[in-house]
2 protein chains.
Amino acid sequence: MTRYSRQTRILVAVDCIIFGFDGQELKLLLVKRHIEPEKGNWSLMGGFVEPGESFECAATRVLKKLTGLENVYMEQLSAFGDPERDPIERTVSVAYFSLIDINKYIQQISHEYDAEWFPIKKLPEVIFDHSNMIEMAKEKLRYKAAFHPILFELLPEKFTLPQLQSLYEGIYDAALDKRNFSRKILSTTLLVKQKDKEKETSKRGAFYYKLDRKKYANKFNAFLNFIPNPQKLK
Amino acid sequence: MTRYSRQTRILVAVDCIIFGFDGQELKLLLVKRHIEPEKGNWSLMGGFVEPGESFECAATRVLKKLTGLENVYMEQLSAFGDPERDPIERTVSVAYFSLIDINKYIQQISHEYDAEWFPIKKLPEVIFDHSNMIEMAKEKLRYKAAFHPILFELLPEKFTLPQLQSLYEGIYDAALDKRNFSRKILSTTLLVKQKDKEKETSKRGAFYYKLDRKKYANKFNAFLNFIPNPQKLK
DNA sequence: GAATTTAGTGTATGTTTTACACTTTTGTAT
DNA sequence: ATACAAAAGTGTAAAACATACACTAAATTC
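In this report, we go over the structure that sits alongside the text. (Residues numbered from 1 in each chain as written. Chains lettered and ligands numbered in written order. Predicted model: local features only at pLDDT ≥ 70, side-chain atom pairs only at ≥ 80, totals over all residues. Heavy atoms only, no water.)

1. Brief notes about the pattern of salt bridges
On inspection of all chains with the given rule, the structure shows 32 salt bridges over all chains. Here R9 of chain B and E89 of chain A are joined by a salt bridge, their closest N and O atoms 2.4 Å apart. A residue pair is termed interchain when its members come from two chains, as with R9 of chain B in strand β1 (residues 9–21) and E89 of chain A in the loop between β5 (73–80) and β6 (91–99). Each of R3 and R9 of chain A together with E89 of chain B takes part in a single network of salt bridges with overlapping partners. (Salt bridge = Lys/Arg side-chain N within 4 Å of Asp/Glu carboxyl O. Helix = DSSP H or I, 4+ residues; strand = E, 2+ residues; numbered from the N terminus.)

2. What to know about the interface of chain B and chain A
Quite often, the size of an interface is put as the accessible area lost when its parts meet. At the interface, 46 residues of chain B touch 46 residues of chain A. Across the interface of chain B and chain A, roughly 3,800 Å² is buried in total on both sides, 61% from carbon and sulfur atoms. Linking chain B with chain A are four salt bridges, by the criterion used here. The interface formed by chain B and chain A contains 21 residue pairs in polar contact (both at pLDDT 80 or more). Elements that contribute at least two residues to the side of chain B that touches chain A include exactly β1, β5 (73–80) and β6 (91–99) of chain B. Residues of the side of chain B that touches chain A, tallied by class, amount to 23 nonpolar, twelve polar and eleven charged. (Contact = heavy atoms within 4.5 Å. Buried area = accessible area lost by both parts, 1.4 Å probe. Polar contact = N/O pair within 3.5 Å; in protein donor to acceptor, adjacent residues only side chain to side chain. Nonpolar A, V, L, I, M, F, W, Y, C, P; charged D, E, K, R; others polar.)

3. A closer look at the nonpolar core
Counting residues in each nonpolar core, the largest one holds 92 residues, and the members touching the most others are I17, F19 and L164 of chain A together with I17, F19 and L164 of chain B. Core analysis: the next-biggest nonpolar cluster, separate from the first, contains 50 residues, V14, M45, L63 and A79 of chain B among them. (Core = buried A, V, L, I, M, F, W, Y, C linked by side-chain atoms within 4.5 Å. Buried < 20%, exposed > 50% of the residue type's maximum accessible area, 1.4 Å probe, protein only.)

4. Examining the sheet that holds strand β9 (residues 191–198) of chain A
Residues and elements named next belong to chain A. Here we have three strands laid out as an open sheet, ordered β8-β10-β9, and antiparallel in their pairing. The strands lining the two open edges of the sheet, one partner per strand, are β8 (158–160) and β9. Averaged over neighbouring strand pairs, the angle between their axes works out to 45° when direction is ignored. (Pairing = 2+ DSSP bridges. Axes fitted to C-alpha atoms, helices over the stretch in contact; angles between N-to-C directions.)

5. Concerning the packing of aromatic side chains
The full count for this structure, using the stated rule, is 21 aromatic pairs over all chains. Residues W42 of chain B and F118 of chain B carry aromatic rings whose centres are separated by 4.9 Å and whose planes lie at 75° to one another, so their mutual orientation is edge-to-face. On the criterion of sequence distance, the pair formed by W42 of chain B in strand β3 (residues 42–43) and F118 of chain B in strand β7 (residues 115–119) is long-range, its members being 76 residues apart. Both residues of the pair, W42 of chain B and F118 of chain B, belong to the buried class. Aromatic rings pair up to connect Y143 and F147 of chain A together with Y143 and F147 of chain B into one cluster. Across the ring face of Y208 of chain A, the terminal group of K158 of chain A is positioned such that the distance to the ring centre comes to 4.6 Å. Positioned over the ring face of F207 of chain A is K193 of chain A, at 4.5 Å from the centre of the ring. (Phe/Tyr/Trp six-rings, centres within 6.5 Å; stacked < 30°, edge-to-face > 60°. Lys NZ or Arg CZ within 6 Å of the ring centre and 35° of its normal.)

6. Observations regarding the environment of L164 of chain A
All names here are of chain A. With respect to the helices, strands and loops of the structure, L164 is situated in helix α4 (residues 161–172). Along the chain, L164 and L151 lie 13 residues apart, while their C-alpha atoms are 8.2 Å from each other. Not counting chain neighbours up to four residues away, the residues in contact with L164 comprise F152, L155, F159, F181, I185 and L191.

7. Focus: the relation of the copies chain B and chain A
Take chain B, turn it by 180°, move it 0.0 Å along the axis, and it overlays chain A with an RMSD of 0.1 Å. Here the symmetry operator amounts to a two-fold rotation axis. Interface overlap between copies is the fraction of interface residues in one copy that are interface residues in the other; for chain B against chain A it reaches 100%, indicating a shared surface. (Least-squares fit on C-alpha atoms with pLDDT ≥ 70 in both.)

Structure, rendered in structure tokens:
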């Protein structure tokens, strides 16, 4: 026996939901689709899964092709299998979401694709079921970040507490008290204070912090409860 | 254009991780695989995704075929795509996990399959990457149940607080204080006390409770923190 | 009616979360 | 040089929540 007979084989793709943060708001990287159908319309970056390639490999490959980045935070979101999701031919898609430092991306941008960052609140129309994927990814990010310290992945290596706070505020659409916020964040002991300050955005300047990568890896499963009323989340 | 040319099409399957609770311990429903390869070995219940059928449909169909049950708690766990996971031919699988009332199953059992409940702690060897799927499902169940009131799905319509507590204790391998437990559970106001008692397991008898299905649907996203130290979970 | 078994309940203590306001720093404008 | 503006940084008191802990109540069995 070498094959399962009488079964239908289906195209399998991956799609990447790529989040970035520019210091102000959460953004999503979309590309102009370069094949028919829907050629020229905005889309998640994706690609077919190749023979001998796992989903993770495929998603990593796709992400690297677009951003030049490797070793970034990536997590499987869900598989999408509606028979009608691609009008040309049935294609199932395994969606991954990534958190990247938007500045690193800018340096490494490949111009092979028409790619553009869109504020998460002003997304253009996207093809197929991609808006569905994006919606789910946003939800999962909010959910997960309420308990796990993953938002660091969106920031540069050195960042300030006000920057981190505004990231949380952006993602949860909530104003947080800076005293309570810094106490909570620092109580994780995941952050290491640096000697230098970021002086672009304020006269006084705010101290930089770095993530303690070792502790971060160990403590990833520490539930943090950063958000005052996680009840309100899905 | 009617097809994506030059792309490889792949077999797509679903597998169901079916949890049940017999009042003592958490169990998993496995079947004896009835096709080659690995015919006769223990396996999750699964099946190929058919043309025109979504993943949810396929998983629901597979679950119904085995258990006779519909409208049960079911959630996508993850897609598994290792190119080597099926030795015969590349097959990707979308795994779903379900929580069912084990008693309902017993009544409706289909004997078309050799199926058997195994205590989660004494599982036999299973085929392919199924132990991996099971491990992930166990983790997700523990994770999710720490915040969401889903374990009710494993119980019959009427249940007692001691039964519910022993379910939590089983799943988290922890002894819980019954005073604290009942306070926490009842504070959700999700349970409605019944007038009758369960008198099998004790002389005094314990009052039955029913889930308030309406509130349950609304409050599903209330994070409950049933478990004293969720830090310890993945 | 005594003994056994499990159900059911309350309180005091410690911990965590929340709400809240002033001082410090330093660049810019006069 | 001095005043002003703008954001950083810090502490405390009250409330809410989590925990630890032990006795009484109910009903069956002998």
